[in-house]
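Structural overview for review
The primary structure of each chain is shown beneath.
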Number of protein chains: 2
Amino acid sequence: MTETVESVLNDVIKHIRPDIDEREAVKALTELIIERVNSKAASMGINARAISVGSTARDTWLSGEADIDIFIMFPAEMSEHELKDKGLLLAKSVSDRYEERYASHPYIHAHFRYGGMEYGVDLVPCFAVKDATSLKSAVDRTPFHNEYVRKRLPGLEDEVRLLKQFLRCLGIYGSEQRRKGFSGYLCELLILKYRSFLELLNHAANWRYGERIDIEGHGQYRGDDPLIVIDPVDASRNVAAAVSPYSFCRLIDAAREFLASPAREFFLPKEAKTLSESEFRRILKDRGTYFIIIRFKAPDVVEDILYPQLRKAETSVRRLMERNDFVVYRSDVTVNGDNALLVFELLVWQLPGIKKHIGPPVTLRKHAEKFKSRHSPPFLIEDCRYVVEVKRRYTDVMSLLKTELRSCNLGKHLSKVVEESGYEVLTPEELQITPGISSFFRNYFGKS
Amino acid sequence: MTETVESVLNDVIKHIRPDIDEREAVKALTELIIERVNSKAASMGINARAISVGSTARDTWLSGEADIDIFIMFPAEMSEHELKDKGLLLAKSVSDRYEERYASHPYIHAHFRYGGMEYGVDLVPCFAVKDATSLKSAVDRTPFHNEYVRKRLPGLEDEVRLLKQFLRCLGIYGSEQRRKGFSGYLCELLILKYRSFLELLNHAANWRYGERIDIEGHGQYRGDDPLIVIDPVDASRNVAAAVSPYSFCRLIDAAREFLASPAREFFLPKEAKTLSESEFRRILKDRGTYFIIIRFKAPDVVEDILYPQLRKAETSVRRLMERNDFVVYRSDVTVNGDNALLVFELLVWQLPGIKKHIGPPVTLRKHAEKFKSRHSPPFLIEDCRYVVEVKRRYTDVMSLLKTELRSCNLGKHLSKVVEESGYEVLTPEELQITPGISSFFRNYFGKS
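Our subject in this report is the structure included herewith.

**A few points about the packing of helix 6 (residues 157-170) of chain A against helix 7 (residues 184-194) of chain A**
Residues and elements named next belong to chain A.
- Orientation of helix 6 relative to helix 7, taken along the N-to-C sense of each, is 125°, at an axis distance of 9 Å. If you check the angle between helix 6 and helix 7, you find them oblique. In this structure, the crossing between helix 6 and helix 7 has a hand that is right-handed. Every residue of helix 7 that contacts helix 6 at Glu 159, Val 160, Leu 163 and Lys 164 is listed here: Gly 184, Cys 187, Glu 188, Leu 190 and Ile 191.
- Looking at the contact of helix 6 with helix 7, its residues break down into five nonpolar, one polar and three charged.

**Observations concerning the sheet that holds strand 14 (residues 385-391) of chain A**
Residues and elements named next belong to chain A.
- An order of 12-14-13 is seen for the three strands of this open sheet, with the pairing classed as antiparallel. Edge positions in the sheet fall to strand 12 (354-361) and strand 13 (380-382), since each has one partner strand and no second. Between one strand axis and the next, the sheet turns by 40° as a mean value, whatever way the strands run.

**Focus on the interface of chain B and chain A**
- Chain B puts 32 residues into the contact, and the matching count from chain A is 32 residues.
- Per-element tally for the side of chain B that touches chain A: the top contributor is helix 9 (residues 245-260) of chain B, with seven residues.

**Quick word on the sheet that holds strand 14 (residues 385-391) of chain B**
Residue and element names in this part refer to chain B.
- Pairing is antiparallel across the open sheet formed by three strands, whose spatial order is 12-14-13. Strands at the two margins of the open sheet, each flanked by one partner only, are strand 12 (354-361) and strand 13 (380-382). Going from strand to strand, the sheet's axes swing by 40° on average, the running direction of each strand aside.
- By the bridge criterion, six bridges tie strand 12 to strand 14 in an arrangement that is antiparallel. Bridging across to strand 14, Pro 361 finds its partner in Arg 385.
- Its contacts with the sheet place helix 12 (residues 365-374) against strand 12 and strand 14, and it is angled at close to 150° to strand 12.

**Quick word on the environment of Leu346(A)**
Residue and element names in this part refer to chain A.
- You can see Leu 346 is positioned in strand 11 (residues 339-348).
- What makes Leu 346 partly exposed here is the crowd of 19 C-beta atoms within 10 Å.
- Remark: the alpha-carbon pair of Leu 346 and Met 321, spanning 25 residues in sequence, is separated by 9.6 Å.
- Apart from the residues within four sequence positions on either side, Leu 346 is in contact with Thr 289, Tyr 290, Ile 292, Phe 326, Val 327, Val 328, Tyr 329 and Val 397.

Parameters at a glance
- Residues numbered from 1 in each chain as written.
- Chains lettered and ligands numbered in written order.
- Predicted model: local features only at pLDDT ≥ 70, side-chain atom pairs only at ≥ 80, totals over all residues.
- Axes fitted to C-alpha atoms, helices over the stretch in contact; angles between N-to-C directions.
- Helix = DSSP H or I, 4+ residues; strand = E, 2+ residues; numbered from the N terminus.
- Parallel < 35°, antiparallel > 145°, perpendicular 65-115°, else oblique.
- Left-handed = near helix turned anticlockwise from the far one by under 90°.
- Contact = placed C-beta atoms within 7 Å.
- Nonpolar A, V, L, I, M, F, W, Y, C, P; charged D, E, K, R; others polar.
- Pairing = 2+ DSSP bridges.
- Buried ≥ 20, exposed ≤ 12 C-beta atoms within 10 Å, placed from the backbone.

If you want it as structure tokens, here you go:
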């Protein structure tokens with residue numbers, strides 16, 4: 001029996017809305033950190049001021065998932081060098097446990113224990129610019145987002161939470177390169193636009209490629225992204241630029257499915273599920289395809305750099321196989337512990353020892369003479385071109401990959417890793433089925 | 001050591017030019033037949049007149065290959081029905097041994113023994129129209145061709161013979177559908193244009209696709225044929241319309257080869273050469289490909305109808321295989337005795353049991369719902385479309401062909417034959433290597 005949408009959503013909200021204790025702890029910890037930064041700044045004579053931003057500032061975080069974001073705002077006239085020095089100095093002063101991180105910009109990720117819970121806190125120095133279109137660094141826009149949402153969102157926070165949890169269970173929450181999904185700010189804007197989770201789904205179910213949402217009606221962005229959500233604080237920016245065609249379609253599809261039969265299952269994370277080794281082997285046997293896994297040490301770079309490089313390598317290796325007439329059915333990439341894996345599923349992995357080498361048009365005399373002097377007869381003529389039949393260099397895909405992989409464009413970081421520590425070309429039989437690998441393949445096979 | 005071009009050509013001419021006895025016999029027989037037709041016409045009160053046309057009329061036939069063409073010209077005012085009745089009546093009256101044939105038009109092919117030799121004679125009724133652009137039937141143009149060439153060719157006959165023999169040895173002499181090569185009339189025009197065989201080769205070696213020759217400078221023909229030779233007696237017609245891209249390129253290539261190293265071998269027919277069965281088997285093994293031969297009874301139609309149908313069937317069967325993801329490397333057709341054969345050489349003839357079925361774009365809601373109601377999950381999303389993985393119906397090409405061949409568009413005649421007497425799908429092991437088959441494969445493999 002299908003439950004009513006309302007009862008499902010009310011039930012889900014109870015689970016994902018932080019309780020009073022969690023909210024008070026987050027609020028108190030946030031204020032404590034801000035106070036520490038500000039008084040440290042005052043004591044050092046630094047003209048800076050900390051503010052709370054992000055989901056904890058807007059009350060849109062999911063229960064148990066609080067990530068506190070503190071921005072430390074410096075005068076716009078300050079040099080970048082000084083901002084970095086003084087900003088990191090202040091940020092490091094609030095906790096003994098921290099690491100320095102880099103996105104477009106250096107920042108500090110600190111760890112706090114508070115009220116018996118562990119919290120991660122990002123402390124990000126930025127410039128207090130006069131408006132969001134006069135940025136000195138990419139993070140300077142964030143305080144404007146914060147202001148915009150804080151003023152308009154109150155009353156709709158739980159709707160944002162529903163959306164975030166829904167997307168999270170679909171695997172498309174977060175704008176990082178690994179997911180190319182919907183960022184937290186984008187979720188808030190979508191709820192500001194449609195006023196409720198359900199109304200968003202009603203619209204999303206009918207979205208077309210290139211769907212355009214412009215709350216302030218000031219958009220100047222032109223691009224062929226699947227979803228365009230004009231930033232209310234910067235008319236030239238698409239907040240949904242990171243949303244991949246896949247993520248876009250996935251939301252559309254799930255919206256229709258949920259509306260057709262609402263259920264709590266849409267809000268339950270699937271990550272824990274894995275395939276047993278015997279299930280995995282059985283599926284491979286049923287498919288009858290040939291899997292090849294290229295494994296190498298994952299280079300020591302952040303995920304947002306790693307994943308685009310893996311995708312690039314995937315395309316490059318796929319093209320190498322296709323150039324050699326092997327037929328790739330599907331492919332994907334994953335990271336498992338210290339290793340990066342490129343996974344290819346083939347329909348054709350062995351070929352006869354002969355191939356056509358296509359020469360120049362017969363009518364181009366100079367090219368024709370050169371070609372004929374370089375090859376042996378017989379010269380066939382097909383589609384007005386010379387063709388010779390030559391020995392195929394690689395009659396099986398394994399020997400191709402073992403010999404030619406280094407000739408692929410693997411990108412800077414992967415090339416270095418492959419040069420330094422090599423790579424392995426494995427069949428699934430040679431692969432240990434860890435929970436990570438199992439979960440990857442579960443997803444690959446589309447098992448729910 | 002390379003011989004001089006002149007010595008090669010002089011030597012060849014001696015062999016292909018009819019001797020005095022052959023010439024006199026042909027001349028006498030031709031006059032005899034004309035006389036018989038004309039006096040029969042007179043005695044029956046029919047207003048008709050026979051003329052000699054074609055290579056024997058123009059002295060351009062190859063020694064031992066004389067085909068006598070006699071056209072019986074009727075007044076243009078006569079009805080087609082009357083022309084046919086009276087024309088065939090006259091034609092049949094000159095010999096006891098004849099058969100009725102059809103090209104675009106019915107005619108009589110008669111047999112004569114003369115001076116100890118057998119001759120085939122075509123007797124073709126036509127209308128004596130006032131010019132070549134006011135035809136009542138397709139053959140009415142021929143007398144104009146005859147007049148045009150007879151007036152201009154004298155002195156160049158041996159050059160035409162060299163060209164015909166050269167093309168014949170390349171397998172591209174004759175405009176019939178099986179060859180799609182150069183007709184006799186086209187050979188004569190090319191020699192009229194370039195004045196010698198050698199000069200033609202010098203030009204052909206540099207021909208470009210769409211080469212245009214217009215002796216009278218009056219051409220109105222527009223088309224993307226590889227070679228365009230405007231008919232001197234009909235500005236709207238391309239005499240080379242039947243020349244395929246292959247035949248065009250083959251001449252260009254051979255012209256360059258001959259000019260680079262002239263030799264008698266270019267004028268020696270290759271038809272007699274065959275492959276031994278063991279040679280044939282060894283070549284197949286070396287290639288490592290998979291040959292499939294589809295064999296059926298050749299329908300009882302003239303070659304010019306049969307070959308286009310075989311080519312059409314070849315394309316249709318090839319597409320059937322490609323639609324099912326098998327990879328065809330090369331293909332060809334041949335006729336062997338009573339049988340027609342479609343020959344396919346494959347790179348991929350077995351496939352895994354899974355395939356993608358591509359559905360509608362996710363954004364098209366109605367189509368999406370229909371697709372999802374018809375298929376089972378999981379629904380993958382690729383390039384903004386739904387994709388389901390389904391069982392592949394044919395995992396080997398043999399079972400595909402044995403089951404689905406009848407669904408191909410085989411053309412009227414082949415469909416009828418296949419329906420009435422069926423077809424066989426053979427591997428080379430099941431094929432008897434007759435001289436005809438052997439010669440076909442020798443050519444297919446490009447063995448010289």
